[in-house]
Amino acid sequence: MRLLGKAVAAAAMAAACVSAVADEYHAKPKLVVILVLDQMRGDYLDRYRDDFKTANGFNPSVDDDDYKVVGAPAGATITPGQSPRNQMASTLGDEIVLATHGEAKVFGISLKDRAAILTSGHATQGAFWIDQKSGHFITSTYWMNDLPAYVAKFNASGKAEAAAKEVGGKGQNFYNEVGATPAGIRYELEFAENVIDAEQLGKHAVTDMVTISLSSTDILGHAVGPNDPKQRALLDGADVELDKFFTWLNAHVDGGMANVWVAMSGDHGVAPAVGETQKLGMPANTFSYAGLIDAMNEELTKKLSPGNPQKFLLQGGEYAYFPLDQRVWEKLHMSEADAENMVAAMLPEVMAKTQPGLPGSKPASKPLVRRVFTKAQMASGDLPNNDLGRLLQHSYSPNGGWQVFALFGEYQLPGAATGTTHYAPYSYDRHVPLDFYGSAFIPGTYHDRVAPVDIAATFASLLRINQPSAAVGHVLTQILKPEVEPAAAAPRTK
Ligand SMILES: [Zn+2]
């Protein structure tokens, strides 16, 4: 992973007022912004660096100064209320709130509920995401019974409708139609500006925080893959929109961007589209996830219930998990471990027998099941004592029924040759950028192996607060400017 210290613009500003440096340094920033781009692979910023022409977008330049859904539109179909109740650890935002005895204000914003809620946390003042059809921002009774007046006003402003019109959408689903375009990024960042302005974030005595998760790169990325010109155009659009946002922040936070720290990352990378990768000679291929499940059910029926077809495996699971129908197995008096082991043992063979891959595939690129790990195995921690084992353990959740997790060949995915997805412990799915901006950081490009979990550890250390309760990240000391001892600073007047 790559790490980029982007303290350039802020460092230039701080240098202009040297006498205040020590004091300013020890003063905490007014606002922390955590920006997560969904499916932002780590190589995007370097590959398209020449495209990013703005001063304050991806590419800051030195020369420039600078419980129930609430608010759903009538008739909207929505899932039950959302909350961070199942989040099993505190967040950086929670810890800021705790450390300031509730004085700090923390908000989460995204087009998706989970991305707004889980990045911000429990003790926040609010999280906002959209009703997928209309694009209007909503929240949950976990925080409030009515939308704040400024959110209702934003929803009534016609911005969602204008964005839908701009992209030529049919008005059927804002999330899919507008979400995959720069207009979706602009819409979300304009809403963030509204929240920051109305809630006076960055104007309090303590540090406030806002987490913004931009979903657009993921929505389009699944459809076209990371190398498609459309994805490149979306990133160029994101650069323009981020430039506008940071320019706006500079004018609206007390002290401007010199008082803002930003961390930007992605939640995961992505595999290249299978068709193009295979053409380049890689052992890439596709197969049918649903077809593999059907074939498994046929084979298991032959083995365990001849003449009486049973659905031992369920369709509709979250790829690359294969959920078992516990009831069917229990009727055969089989335990979870026995059932999952049987599925794990059969999957590679059934894949080889039933999934030929793309027409004309070379034998070396046939779809293959490399390893299978059962839920019983993960629950007991019976995993290889290596990086793969640790990655699997981190993705394990006790929720959900009997299931197995399959590791397919590198660059192999279900579906068409054109679209793509992310699920694997392979590097392309884990490679994300990690960028920091602010007066605390030494500008530069760093090549150490780092992780997004290091953001919380680093910010917690800088802010002199507790790390999140389950934090595993490291403080990135290599990017931090040396701190001036308070004793060396000019004496304060009382
Ligand atoms: Zn995705």
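Here, every reference points to the structure presented above.
Only a predicted model underlies this, so the values are computations on that prediction, with no experimental measurement involved. (Residues numbered from 1 in each chain as written. Predicted model: local features only at pLDDT ≥ 70, side-chain atom pairs only at ≥ 80, totals over all residues.)

### What about the sheet that holds strand β11 (residues 369–374)?
Ordered in space as β10-β12-β11, the 3 strands form an open sheet in which the pairing is antiparallel. Unpaired on one side and paired on the other, β10 (321–323) and β11 mark the two borders of the sheet. Here the strands of the sheet are splayed against their neighbours by 25 degrees on average, with no regard to which way each runs. Where β11 meets strand β12 (residues 403–408), 5 bridges bridge the pair, whose relative direction is antiparallel. What sits directly across from R371, in β12, is L407. Sheet strands in contact with helix α15 (residues 336–354) are β10, β11 and β12, and its direction is about 170 degrees off that of β11. (Pairing = 2+ DSSP bridges. Helix = DSSP H or I, 4+ residues; strand = E, 2+ residues; numbered from the N terminus. Axes fitted to C-alpha atoms, helices over the stretch in contact; angles between N-to-C directions. Contact = placed C-beta atoms within 7 Å.)

### Description of the nonpolar core
V33, I109 and V210 are the most contacted members of the largest nonpolar core, which totals 82 residues. Residue contributions to this core peak at 8 residues, all from helix α9 (residues 182–198). When sequence neighbours within four positions are dropped, the list of residues in contact with V210 reads V33, F107, I109, A192, V195, I196 and L201. Counting residues in each nonpolar core, the second largest holds 25 residues, with F312, F322, W329 and A344 among its members. (Core = buried A, V, L, I, M, F, W, Y, C linked by C-beta atoms within 7 Å. Buried ≥ 20, exposed ≤ 12 C-beta atoms within 10 Å, placed from the backbone.)

### Overview of the pairing of strand β6 (residues 137–140)
As a general feature of sheets, a regular strand has side chains that alternate between the two faces. Residues F137 and T139 of β6 are buried on one face, and the alternating residues I138 and S140, pointing to the opposite face, are buried as well. Here 2 bridges tie strand β5 (residues 126–130) to β6, and the two strands are oriented antiparallel to one another. Of the residues in β6, the one forming a bridge with I130 is F137. Where β5 hands over to β6, the hairpin turn is made up of 6 residues, of which G135 adopts a positive phi near 85 degrees.

### Side note on the packing of helix α4 (residues 92–99) against helix α19 (residues 453–463)
Their axes nearest at 10 Å, the elements α4 and α19 cross at an angle of 15 degrees. Here α4 is positioned roughly parallel relative to α19, judged by the angle of their axes. In this structure, α4 meets α19 at a crossing whose hand is right-handed. On α19, the residues touching L92, E95 and I96 of α4 are A456, F459, A460 and L463. Partitioned by chemical class, the residues of the contact of α4 with α19 number 6 nonpolar, no polar and 1 charged. (Parallel < 35°, antiparallel > 145°, perpendicular 65-115°, else oblique. Left-handed = near helix turned anticlockwise from the far one by under 90°. Nonpolar A, V, L, I, M, F, W, Y, C, P; charged D, E, K, R; others polar.)

### Things to note about the packing of helix α7 (residues 159–166) against α9
It is at 10 Å that the axes of α7 and α9 come closest, and there the two elements cross at 165 degrees. When the axis of α7 is compared with that of α9, the two are roughly antiparallel. Handedness of the α7/α9 crossing: right-handed. In contact with K159, A160, A163 and E166 of α7, α9 contributes A183, Y187 and E190. In terms of residue class, the contact of α7 with α9 is made up of 4 nonpolar, no polar and 3 charged.

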